[in-house]
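Residue-level listing of the chains:
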Amino acid sequence: MTDAMPVGDRKPLAPPVDETGPLGWARKNLFSSWGNGITTIVLIAAVVWVLSWFLEWALFTANFTASTGAECRGGGACWALIREKFRYIFFGSFPYEQHWRPLFAVITMLAMLVLSADRRMWNWRLLVIWGVGSFVTFLLMFGQIHIPLSLILFVALAGGGIGLTLRSALAAPSERMAYYALVAIGAAGLVLRFAGVLPSWSIAIAPLSYVETSLWGGLPVTLILATYGLAFAFPYGVLLALGRRSNLPLIKGLCVGFIELIRGVPLISLLIMASVMLPLFLPSGTTIDKFLRAQVAVILFAGAYIAEVIRGGLQSLPKGQFEAADAMGLNYPQKTLLIILPQALRVVIPPLINTFIGFFKDTSLVLIIGIFDFLNTANQALVDPNWAGFPGEVYLFAAFVYFIFCFSMSRYSKYLEVELNKGTRR
Amino acid sequence: MAVETLGSTPRTKVAPWNDPVIRGWVFQIVVVGLVGFLAWYLVSNTIDNLQRQKIASGFHYLEREAGFEIGDTMIEYSPASTYARAIWVGILNTLRVAVLGILLSTLLGTLVGVGRLSPNWLLSRICAWYVEAFRNVPLLLWLFLFYKLISEAFPGPRQALSLWNSVFLSNRGVYFPVPMADPIHKWMGVAFLVGIAAAWFVNRWGKKRQEATGQPFPGISAGLALIIGLPALVWLAGGAPHHMSWPELKGFNFAGGTVIQPEFTALLIGLVLYTSAFVAEIVRSGILALHKGQSEAAAALGLSRGQSMRLVLLPQALRVIVPPMTSQYLNITKNSSLAIAIGYPDLVASINVTINQTGQAIENILIIMAAYLSVSLSISAFMNWYNKRIALRER
């Protein structure tokens, strides 16, 4: 007859004490069986042992204030070394009293990356952010920037061309006239410039003293190599991926060959190639900045990997999207830029961020050809004979900095994966 | 009728500049022409530069005397050997660290990946932190750290840590005793290979019998018995030679026994710890991709956790795991080139010295690319074959 009892009178029984609270949690997650219990106890012992040893070394017996390596010896960790060297580790041989410049360059680049992570910025604002950010970064790092006339003319030509292709059927006549004008000015100007009619004139912006790239070092170098490596490799990777999916046999063959060649060899061999073979490839007398050479190698390398990620996105699109775009009478650039890529890129943003994390770590390889990235400056800090013998401290510090960057990016990529799939998740 | 008209509609005449086929060919010819022009420009510059700097070309230098020392060799090598020999030593060193790295990181990575899914909270947390710590820091940094720790934190040969006075740990590497060279070793090697082949055949027979009659066959223990037992039998038949070469402190270093160089140790430890973090993630996601019903069904059948993992979950997860694993194996092979930073004499290191001595950059870079490409292609060919073998056979 229990069914007849009014529901309100029946108080549900509280669950047994050992099923709830911290005790219940521990029972379920740590001591669910004999084997599990033994594992837990062994692990706790191991963790306590390792942690107590580590804390003893890194905190209780550590030396934070010593002024030479000799004072540090015998105790625990010598964090005084980091205190002494951290400006060198972060900024390398950049002139000491000018360290505020790389500092602000790093802040600018971080702001650029953080702003680009915001989905509300994923439109024309992104272009503005990157344009202004890059300008500020390089102005701070170089101190002086010269914008040659031919670059301005080229930008006009490219801008007009892109506008004409994308908005050919959409633009009002006046807008189309503007594109034509841009193309005409750009093309005519470039021809005249190379014919020697126009002078080699450039806009000089020189508020600070010039610092050449061989003095750059530390975190800004790592950030520039990774960020601009990806920024330039991205459009190039898109082209390679499109080429690989193309119906044109010659184009497809070129792209497949390039991608597989680059992916088959280690980055180091490309870097060595850039440092010893590039000078042979160019007409005698021309020298290319070592930093630029490394950057080019990173871009070539990154392009092939990005192309494969993007190909995944292209393959995930249903065929109907391509056919529908054809049926609408869109030409190839319109179809690709307005229909295909916006959908394909959306899918591959999380894996692209993972690729970026990979490049951020891989930039450390440039130390082999003698560029002072963050890992290399950390390495150089060990060379000082006054402070010899504390590799653990310096490398742990560098590892910690790398970890903060990579870990936060991987968290962001996980968050985006969930965020972007909201529409398709059940 | 509609079909007829559709089929017989004459192709509308379009202007050639609007015909997609013609457009396609024009576009291809332009692109190939540009690439060809670029290649011609680079090649002609290179020929020019080579002539002006009086750098020889061709592969004749390979037969000349290398004249540099290599610290860690698997085959006979001296500075009087040829460049070809030096490069071959480098290739063998690369292969050694790559093969060991692949085996060990698969093992460790699978353990950590399965550990992350353990019901034991503490174990799964520790595995998760292991993965995060290792994959968010550059491999090169780990290599430097391990190398510096081994070469600076370990004592010198005179104060070497010793285990039972036979294994010595010092900053010169790990010295341990090995059996004296004996002709029987060659036959033991043959027996080992025969054992592997026999184990494979026995296992195949066991599987067939299980499929036919349902009787299980202890494949792993039988295989191990064959692989270890056959060489042991040969050893006993050969009179059980047991003379050992013991490491002894002579002057500033050890003599006798054999040594694992600190460079090799640091490289292998770094590669394995770094790559196993990635392998762990692949294994974990492979297992998570399985339907929950699979593990529940295995539990309902009364299989223990270990059994259900080994017999039910892992074989199915392999289908998801193998393709990304292939690229991790390729990564180990390519990442082993970081050896140059800590002084392990791998292929890139040998080539780098050769470039500096001969100046013939192009030929050497070609050798590097050919070597890595052929290793990469063979690994992918093998993994593709394996992937096909384990793929779901749909009827």
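Residues numbered from 1 in each chain as written. Chains lettered and ligands numbered in written order. Predicted model: local features only at pLDDT ≥ 70, side-chain atom pairs only at ≥ 80, totals over all residues. Heavy atoms only, no water.

Quick notes on the overall build of chain B
Looking only at helices and strands, one finds 13 helices and eight strands in chain B. For 395 residues, the compact-globule estimate of 2.2 N^0.38 gives 21 Å, and the C-alpha radius of gyration of chain B, at 28 Å, exceeds that figure by more than 25%. When the backbone C-alpha atoms are referred to their principal axes, chain B occupies close to 90 × 75 × 45 Å. Across the 395 residues of chain B, 39% fall into the buried class. Considering only contacts within chain B whose residues lie at least 6 apart along the sequence, 67% involve residues at least 24 apart. Accessible surface, chain B: about 22,500 Å² in total, of which carbon and sulfur atoms supply 67%. (Helix = DSSP H or I, 4+ residues; strand = E, 2+ residues; numbered from the N terminus. Rg over C-alpha atoms; globule rule 2.2 N^0.38 Å. Buried < 20%, exposed > 50% of the residue type's maximum accessible area, 1.4 Å probe, protein only. Contact = heavy atoms within 4.5 Å. Areas by Shrake-Rupley, 256 points an atom, 1.4 Å probe, with all protein chains shown as cover.)

With respect to a nonpolar patch on the surface
Taken together, the side chains of Leu250 and Leu254 of chain A together with Val21, Ile22, Trp25, Val26, Ile29, Val30, Val32, Leu34 and Val35 of chain B define a hydrophobic patch exposed on the protein surface, amounting to about 940 Å² of accessible area. The greatest single-element share of the nonpolar patch, amounting to nine residues, is contributed by helix H2 (residues 20-53) of chain B. Mapped onto the fold, Leu254 of chain A is located in helix H10 (residues 249-264). For Leu254 of chain A, a relative accessible area of 33% puts it in the partly exposed group. (Patch = residues over 30% accessible without salt bridge, like charges linked within 9 Å, V, L, I, M, F, W, Y side chains within 5 Å. Salt bridge = Lys/Arg side-chain N within 4 Å of Asp/Glu carboxyl O.)

Points about the interface of chain B and chain A
Between chain B and chain A, the residue contacts involve 52 residues of the former and 56 residues of the latter. Taking both partners together, chain B and chain A bury about 4,700 Å²; carbon and sulfur atoms supply 75% of that area. By the criterion of area lost to chain A, the three top residues of chain B are Gln28, Asn136 and Leu141 of chain B, representing 12% of everything that side buries. Applying the counting criterion to the chain B and chain A interface returns one salt bridge. When residues of the side of chain B that touches chain A are traced back to their parent elements, those giving at least two are H2, helix H4 (121-135), helix H5 (139-153), helix H8 (262-288), helix H11 (339-342), helix H12 (347-358) and helix H13 (361-390) of chain B. No other element matches the 15 residues that H2 of chain B contributes to the side of chain B that touches chain A. Its residues assigned to classes, the side of chain B that touches chain A shows 35 nonpolar, eleven polar and six charged. (Buried area = accessible area lost by both parts, 1.4 Å probe. Nonpolar A, V, L, I, M, F, W, Y, C, P; charged D, E, K, R; others polar.)

As for the sheet that holds strand S8 (residues 258-260) of chain B
All names here are of chain B. One open sheet accounts for four strands, arranged S1-S2-S3-S8; its pairing is antiparallel. A strand with exactly one partner marks an edge of an open sheet, and here the two such strands are strand S1 (161-163) and S8. Between one strand axis and the next, the sheet turns through 20° on average, direction left out of account. Judged from the three bridges that link them, strand S3 (residues 173-176) and S8 form a sheet pairing that is antiparallel. Paired with Phe176 across the bridge in S8 is Thr258. (Pairing = 2+ DSSP bridges. Axes fitted to C-alpha atoms, helices over the stretch in contact; angles between N-to-C directions.)

Brief notes about the side chain of Thr94 of chain B
All names here are of chain B. Structurally, Thr94 can be placed in helix H3 (residues 83-116). Overall, Thr94 belongs to the buried group, its relative accessible area being 6%. Residues contacting Thr94, with those up to four places away along its chain left out, are Ser336, Asp346, Leu347 and Tyr372.

Things to note about the packing of helix H11 (residues 267-276) of chain A against helix H13 (residues 290-316) of chain A
Residues and elements named next belong to chain A. Where H11 contacts H13, the two axes come as close as 9 Å, and the packing angle between them is 140°. Here H11 lies oblique to H13, going by the angle between them. In this structure, H11 crosses over H13, and the sense of that crossing is right-handed. From H11, Leu267, Leu270, Leu271, Ala274 and Ser275 reach across to H13, where they touch Arg293, Ala294, Ala297 and Phe301. (Parallel < 35°, antiparallel > 145°, perpendicular 65-115°, else oblique. Left-handed = near helix turned anticlockwise from the far one by under 90°.)

Focus: the domain arrangement of chain A
When the domains of chain A are assigned, the result is domain 1 (13-60), domain 2 (69-94 + 216-426) and domain 3 (146-205). Its C-alpha centre places domain 1 of chain A at a distance of 40 Å from the equivalent point of domain 2 of chain A. (Domains from an automatic or database assignment.)

Let's talk about the packing of aromatic side chains
Working definition: an aromatic ring pair is given by the centre-to-centre distance plus the angle between the planes. Under the definition given, this model contains 32 aromatic pairs over all chains. Taken together, a centroid distance of 4.8 Å and an interplanar angle of 45° make the contact between Phe301 of chain A and Tyr305 of chain A tilted. Here Tyr305 of chain A and Phe301 of chain A lie together in helix H13, a separation of four residues that amounts to about one turn. Given a relative accessible area of 19%, Tyr305 of chain A falls into the buried group. With centroids separated by 6.1 Å and ring planes inclined at 80°, the aromatic side chains of Phe301 of chain A and Phe359 of chain A adopt a geometry described as edge-to-face. In this pair, Phe301 of chain A is assigned in helix H13 and Phe359 of chain A in helix H15 (residues 332-362), connecting sequence segments 58 residues apart. With relative accessibility at 6%, the residue Phe359 of chain A sits in the buried group. An aromatic cluster of at least three residues, connected via ring pairs, comprises Phe90, Phe91, Phe360, Phe374, Phe397, Tyr402 and Phe405 of chain A. Geometry around Phe264 of chain B places Arg96 of chain B over its ring, the cationic atom sitting 4.5 Å from the centre. (Phe/Tyr/Trp six-rings, centres within 6.5 Å; stacked < 30°, edge-to-face > 60°. Lys NZ or Arg CZ within 6 Å of the ring centre and 35° of its normal.)

Some thoughts on the pattern of salt bridges
Taken as a whole, this structure holds eleven salt bridges over all chains when the rule is applied. A salt bridge links Glu260 of chain A to Arg244 of chain A; the nearest nitrogen and oxygen atoms lie 3.1 Å apart. Taken together, the positions of Glu260 of chain A in helix H10 and Arg244 of chain A in helix H9 (residues 219-244) put the pair 16 residues apart, joining distant regions of the chain. Of the residues examined, Arg244 of chain A reaches a relative accessible area of 14% and is grouped as buried. A salt bridge links Glu281 of chain B to Arg284 of chain B; the nearest nitrogen and oxygen atoms lie 3.4 Å apart. Residue Glu281 of chain B and its partner Arg284 of chain B are both found in helix H8; the two are separated by three residues, about one turn of the helix. For the residue pair Glu281 of chain B and Arg284 of chain B, the accessibility class agrees, reading buried in each case.

What about the domain arrangement of chain B?
Domains assigned within chain B are domain 1 (83-179 + 260-284 + 318-390) and domain 2 (181-242). Domain 1 of chain B and domain 2 of chain B are separated by 29 Å when their C-alpha centres are compared.

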